[in-house]
Amino acid sequence: MRFSVYIPENLERPAPVLYHLSGMLCSEQTFIQKSGFQRWAAHYGIIVVSPDVCPRVTLDVKNNEIEANGQSYYVNAVKKPWSRNFQMYSYVNEELPSIIQQNFNVDRDKQSIMGHSMGGHGALISALKNPGKFRSVSALAPVCNPSQSPDERLILKCYFGDDNKTMEKWDSTCLVADYKGPELNILIHQGYNDVYKDDLRLESFISACKKAGIAASINIEEGYDHGFYFISTFIDQHYHHHAKFLRES
């Protein structure tokens, strides 16, 4: 697995850390090159860790887009051949933080997580499945209800088979309904003109949050779509959001 670590100059140590999960068809390199996050990470004094979106292995599965498009969905696969390498949830929540904590002077009690699209899904499920681990969570155009989205179900079936109950364990809309834990401090932005909004199913997540009494700041932005222009426009608000919880005394 590849990952990048951005360390601002003149950083206070130990430093807070923010994990960023990218979407399909992307990598940690596209995030570095196109998002403009460096300005805000430096401004707030936050180390940023961004892993690649999936293991870069060749499993030779015919007519399958997972390898080509990096469609890991940040879950732990149980079906072969994906189960051997595609354990991205454990990587993001256990292995990668352990590597960072062993090799960098970070404050393990001050960490947050965010992501875009498929990565937004990964960020939300990571926060929901680990109450109190992350001080805040945010997402840009996240996939919110994949177990009920036909296109996303096709991918999840590769990992779990046609098992609704297992899929729901990796679905933020289902997870938020049963969440018991400290405040999640959720921020979400989605573009009004996002061509994937029917697949993202943000409305289902909003309804589940309201029903469960979970607070979330959710913003629909007129004139924006799903791409990096949208990300770079609103990423400052996400770093300001996380800084409120990571930089407090």
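This text gives an overview of the structure that appears in the document. The shown structure was predicted, so the numbers you read here are calculated from the model rather than taken from an experiment. (Residues numbered from 1 in each chain as written. Predicted model: local features only at pLDDT ≥ 70, side-chain atom pairs only at ≥ 80, totals over all residues. Heavy atoms only, no water.)

### Thoughts on the nonpolar core
Y19, I113, Y159, I186, F205, I235 and Y239 are the most contacted members of the largest nonpolar core, which has 75 residues in total. In terms of residue count, helix α11 (residues 228-246) provides more of this core than any other element does, 8 residues in total. Excluding residues within four positions of it along the chain, Y159 makes contact with I66, Q71, S72, V75, A77, V78, K79, W82 and F86. (Core = buried A, V, L, I, M, F, W, Y, C linked by side-chain atoms within 4.5 Å. Buried < 20%, exposed > 50% of the residue type's maximum accessible area, 1.4 Å probe, protein only. Helix = DSSP H or I, 4+ residues; strand = E, 2+ residues; numbered from the N terminus. Contact = heavy atoms within 4.5 Å.)

### What about helix α2 (residues 37-44)?
When α2 is considered as a whole, its buried residues turn out to be F37, W40, A41 and Y44. Seen from one end, α2 has its buried residues packed into an arc of 100 degrees, which puts them on one side. Along α2, the residues that are exposed and aim more than 90 degrees away from the buried face are R39 and H43. Buried residues in α2 make contact with β1 (3-6), α1 (28-34), β3 (47-51) and α11. After α2 finishes, the residue G45 shows a positive phi value of roughly 70 degrees. (Arc of directions from axis to C-beta.)

### Observations concerning the packing of aromatic side chains
Across all of its chains, the model carries 11 aromatic pairs by this definition. A ring pair is formed by F31 and F37, whose centres lie 4.4 Å apart and whose planes are at 15 degrees; its orientation type is stacked. F31 sits in the buried class, given a relative accessible area of 1%. A relative accessible area of 2% places F37 in the buried class. Plain terms: the ring middles of F160 and W170 are 6.1 Å apart, the flat faces sit at 10 degrees to each other, and that makes the pair stacked. Remark: W170 occurs in the loop between α7 (164-168) and α8 (172-177) and F160 occurs in helix α6 (residues 150-160); sequence separation between them is 10 residues. The same class applies to F160 as to W170, namely buried. A network of ring pairs unites the aromatic residues W82, F86, Y89, Y159, F160 and W170 as a single cluster. Over the ring of W170 we find K129, and its NZ or CZ is 4.2 Å from the ring centre. Over the aromatic face of Y192 sits the side chain of K197, whose NZ or CZ is 4.5 Å from the ring centroid. (Phe/Tyr/Trp six-rings, centres within 6.5 Å; stacked < 30°, edge-to-face > 60°. Lys NZ or Arg CZ within 6 Å of the ring centre and 35° of its normal.)

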